[in-house]
Amino acid sequence: MEEKKTFRELGLSEEILQAIEKKGFEEPSPIQALTIPILLKGEKNIIGQAQTGTGKTAAFGLPILDTLTTNNSKHVQALILAPTRELAVQVSDEIISLKGEKRLSVAAIYGGQAMGEQLRRLRRGVDIVVGTPGRVQDHINRGSLDLSQLSFLILDEADEMLNMGFVDDIEKILESVPEEKKMLLFSATMPSKIKHIAKKYMGDYEIFEVKKRDLTSNLTEQIYFEVTRGDKFEALCRIVDIEEEFFGIVFCRTKVDVDDVS
Ligand code: AMP
């Protein structure tokens, strides 16, 4: 079996290594081991076929945080596009938690939030913007978001963004960023529209796939019980009862089920 590399061996700087240690990550996830060295060297663009839970945020977040300069004033250096406000906030929180002491500012910019606050934030100067495509495009149109010096563009959950009808916004954004930027595209699936975007805008790129078997932690044992619908609740209660300490998440299909079960 191939020896697993440490974060240090992937080429990250001391400052970022300290932040990783503080965050509690012990070793790189498979997608991180693949993307971090390539992005640090700035060699090529990347398409990662990876789902949430694989550590993909840090896979692009860490090399971006490591590469960006801190003496920047008004230009956005990295733009991350995400399909929903929830994901934009989640990604921006994760990046903030990984930046350690490095003086980089991160802002989440999404539809539904008051424009005034976002305009003030952008005017003060932001290094990394995490945003939903529609709102990002609004800011470009208003002249409040300057992408002329962009170094990194990331499309997170690209297939979801296309499903949500953001294709025109994404293409407009891709046309307004410098050609030299490095681009990453993450998607769980690879429909033809994604391949079209890659072909048109990504130049020299490489595709990485995180295989299904890498998606689950080998610290988690997975079991299932076949029970009739009417017995499900009783079965769940027994499982909770027989565990000495039960810490868990119960997923339900509907709001009503969530209320009943809780
Ligand atoms: P993501 O796939 O980016 O949504 O990340 C899923 C979760 O895994 C997040 O809570 C991360 O903080 C965590 N995570 C990412 N990379 C690592 C790592 N190398 N070691 C431990 N946890 C990680």
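The structure contained in this document is the topic of the report that follows. (Residues numbered from 1 in each chain as written. Predicted model: local features only at pLDDT ≥ 70, side-chain atom pairs only at ≥ 80, totals over all residues. Heavy atoms only, no water.)

### A few points about the environment of Lys 4
In step 1: Within the secondary structure layout, Lys 4 lies in the segment before α1 (14–23).
In step 2: On the basis of relative accessibility, which here comes to 53%, the residue Lys 4 falls in the exposed class.
In step 3: For the pair formed by Lys 4 and Pro 30, sequence separation is 26 residues and the distance between their alpha carbons is 9.0 Å.
In step 4: When neighbours within four sequence positions are excluded, Lys 4 is seen to be in contact with Glu 9 and Glu 27.
In step 5: Reaching out from Lys 4, the side chain makes a polar contact with the side chain of Glu 27 at a distance of 3.1 Å. (Helix = DSSP H or I, 4+ residues; strand = E, 2+ residues; numbered from the N terminus. Buried < 20%, exposed > 50% of the residue type's maximum accessible area, 1.4 Å probe, protein only. Contact = heavy atoms within 4.5 Å. Polar contact = N/O pair within 3.5 Å; in protein donor to acceptor, adjacent residues only side chain to side chain.)

### Looking at the site of the ligand
In step 1: Not every one of the 14 residues close to the ligand is listed here, only the nearest: Gln 32, Gly 53, Gly 55, Thr 57 and Glu 94.
In step 2: At a separation of 3.0 Å, an oxygen atom of the ligand approaches a polar backbone atom of Thr 54.
In step 3: Contacts to the ligand include Lys 56, whose backbone N or O atom sits 3.3 Å from an oxygen atom.
In step 4: For the ligand, whose accessible area on its own is 500 Å², the fraction buried by protein is 69%.
In step 5: Here the residues of the shell around the ligand are counted per class, giving 3 nonpolar, 7 polar and 4 charged. (Near = heavy atom within 4 Å. Areas by Shrake-Rupley, 256 points an atom, 1.4 Å probe, with all protein chains shown as cover. Nonpolar A, V, L, I, M, F, W, Y, C, P; charged D, E, K, R; others polar.)

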